[in-house]
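Fold and contact review
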Amino acid sequence: SIEKDGHLDWMQQMGERYQSEFNIMSFDVSHLFDNAKPLILDLTYEINGPAFKEMAQSNLKVPCIWEHYYLDERPVKDRRTDFKISYPFMLQSNVVLKAPNGFIVSEFDPIEDGGSGAFGQWRIQIKKTRHVCHLDLYCKLVPGVFSLDSYDRYQSMMVKAVQAINRNVFFEPEELTARTN
C-alpha cells in the first residue's frame, strides 16, 4: 500500500514509465481502503513534448497511462491450463486532451467501438470539439475459471481494447484553419 503522502510521487514515477515528458499536476485517490466502494483515481497531468511550431499539422499519442497499466497483458505462450479471473474488475476512464494554445483538434469522425464475451466487455467512445478531444473507456471483467480453449478469445478481447486506446490525435494551427474556411 502507498501512504497518502506518497501518492503523488508514485503516480509521477508511473507516468514517466509511459511518457517521458509526463508532469503530474494533481492526483487524488478515493476509497483506497474501502473495498465495498470503487477505487477512484482523479489525476490531472501535462505532457510537455516537443513544442508545436508553425507546422501544418502535429500529433500526439493519446496518453492513456492508467488504462495501459491495467489492460496491457502479456499473453501466456503455449498455455496448457484453464485460466482464472480472481475478482471482478471495472475500469471507467475519461481522458481529456486540450489543444495547445493556437491549435485546434483536426477533424475526424467520432469513434465508437467495443466487444464482449464470457469474460466481460469493453467499449470506447472518442469525440471532439474544436479545442478538446474526449476519450471515454469502459472495461469490465467478470470473475471465474475459464477453459483453456477460450483463452485466445479472452486475449483477443483484451488486445482489441488496448488497440482502441492506442490513438493519435492531430492538431493544426488555428489561424491556418481560419484562413482556409
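Data block above holds the structure.
Rules and cut-offs
Numbers given to residues run from 1 along each chain, matching the order in which its sequence is written. Local features in a predicted model are, by the rule used here, given only for residues with pLDDT of at least 70; side-chain atom pairs are given and counted only at 80 or more, and totals for whole chains, interfaces and linings are based on all residues. The basis for the side-chain values is all heavy atoms of the structure; hydrogens and waters are excluded. A pair of strands counts as paired when DSSP detects no fewer than two bridges linking them. Put simply, DSSP H or I for four residues or longer makes a helix, DSSP E for two residues or longer makes a strand, and each gets a number counted from the N terminus. The axes used here are C-alpha line fits, helices contributing only the stretch in contact, and every angle between their N-to-C directions lies in the interval 0 to 180 degrees. Of the two site types, the cavity is a set of points on a 1 Å grid over the protein atoms alone where a 1.4 Å probe fits but cannot get out, and the pocket is an open set with protein on both sides within 12 Å along at least five of seven lines, each lined by residues with an atom within 4 Å of a point. Grid points are joined across faces, edges and corners, and a volume is the space filled by probe spheres set on the points. Under the scheme applied, nonpolar residues are Ala, Val, Leu, Ile, Met, Phe, Trp, Tyr, Cys and Pro; charged residues are Asp, Glu, Lys and Arg; polar residues are all the others, including Gly. Burial classification: accessible surface area is computed with a 1.4 Å probe over protein chains only, and a residue below 20% of its type maximum counts as buried, one above 50% as exposed, and the rest as partly exposed. By the convention used here, residues are in contact when the closest approach between their heavy atoms is within 4.5 Å. Throughout this description, a polar contact denotes any pair of N or O atoms lying within 3.5 Å of each other; where both atoms belong to protein, one of them has to be capable of donating a hydrogen while the other can accept it, and for residues adjacent in sequence the pair is counted only when both atoms sit in side chains. Aromatic rings from Phe, Tyr and Trp, with only the six-membered ring used for Trp, were paired whenever their centres fell within 6.5 Å, and each pair was classed as stacked if the ring planes differed by under 30 degrees, edge-to-face if by over 60, and tilted otherwise. By the criterion adopted, a ring carries a charge over it if an Arg CZ or a Lys NZ lies within 6 Å of its centre and within 35 degrees of its normal. Nonpolar core, defined: a set of buried Ala, Val, Leu, Ile, Met, Phe, Trp, Tyr and Cys residues in which side-chain atoms within 4.5 Å join the residues together. The length a helix should cover is 1.5 Å for every residue beyond the first.

The 3 strands are arranged 3-11-6 in an open sheet whose pairing can be described as antiparallel. The open sheet has two free edges, formed respectively by strand 3 (58–61) and strand 6 (103–105), since each of these has just one partner strand. Pairs of neighbouring strands in the sheet enclose a mean axial angle of 35°, with direction left out of account. The sheet contact formed by strand 3 and strand 11 (residues 168–173) spans 4 bridges and is antiparallel. Bridging from a neighbouring strand, Asn 59 pairs with Phe 170 of strand 11.

Counted as a void, the second largest pocket has a volume near 380 Å³. Residue lining of the second largest pocket: 13 residues in total, with Ile 85, Tyr 87, Pro 88, Phe 89 and Leu 141 positioned closest to the centre. If you list the elements that add at least two residues to the lining of the second largest pocket, you get helix 2 (65–71), strand 4 (83–85), strand 5 (89–98) and strand 9 (132–141). Across the lining of the second largest pocket, the residue classes break down as 9 nonpolar, 1 polar and 3 charged.

Glancing now at the pairing of strand 9. The buried fraction of strand 9 amounts to 7 of the 10 residues, a majority that puts the element mostly inside the structure. The sheet contact formed by strand 5 and strand 9 spans 10 bridges and is antiparallel. Residue pairing for strand 9: Lys 98 is matched across the bridge by Val 132.

Now for the environment of Asn 94. Tracing the sequence through the fold places Asn 94 in strand 5. Asn 94 sits in the partly exposed class, given a relative accessible area of 45%. Sequence separation between Asn 94 and Tyr 138 is 44 residues, and the spatial gap between their C-alpha atoms is 9.1 Å. With residues near it in sequence (within four places) discarded, Asn 94 still touches His 134, Leu 135 and Asp 136. Within the local environment of Asn 94, its side chain forms a polar contact with the side chain of Asp 136, the two groups lying 2.3 Å apart.

With that settled, consider the packing of aromatic side chains. The relative placement of two aromatic rings is captured by the distance of their centres and the angle of their planes. Following the criterion strictly, the structure yields 9 aromatic pairs and no others. When the centroid spacing of 5.3 Å and the interplanar angle of 75° are considered together, the rings of Phe 119 and Tyr 154 count as edge-to-face. Separated by 35 residues along the polypeptide, Phe 119 in the loop between strand 7 (111–117) and strand 8 (120–128) and Tyr 154 in helix 3 (residues 151–165) bring together distant segments of the chain. Clustering of aromatic rings is evident, with ring pairs tying together Phe 83, Phe 119, Phe 146, Tyr 151 and Tyr 154. Residue placement shows Arg 79 over the ring face of Tyr 151; its charged tip is 4.8 Å from the ring centre. We note Arg 123 situated over the ring of Tyr 138; from NZ or CZ to the ring centre the distance is 4.2 Å.

What follows deals with the sheet that holds strand 7. Within the open sheet, the 4 strands sit side by side as 5-9-8-7. Their pairing is antiparallel. Since the sheet does not close on itself, it has two edges, and those belong to strand 5 and strand 7, each with one partner. Sheet twist, expressed as the mean angle between neighbouring strand axes with direction ignored, is 5°. Running at roughly 15° to strand 8, helix 3 makes contact with strand 7, strand 8 and strand 9 of the sheet.

The next point concerns the nonpolar core. One broad trend across soluble globular proteins is that nonpolar side chains are buried collectively. Counting residues in each nonpolar core, the largest one holds 40 residues, and the members touching the most others are Met 11, Leu 71, Ile 124, Leu 135 and Tyr 154. Among the elements that make up this core, the one with the highest residue count is helix 3 (8 residues).

With that out of the way, let us pick up helix 3. Side chains three or four residues apart in an α-helix point the same way, a direct result of the helix having 3.6 residues per turn. In a regular helix each residue adds 1.5 Å, so 15 residues correspond to 21 Å; helix 3 covers 22 Å between its end C-alpha atoms and thus fits that length. Along helix 3, the positions that sit buried rather than exposed are Tyr 151, Tyr 154, Gln 155, Met 157, Met 158, Ala 161, Val 162, Ala 164 and Ile 165.

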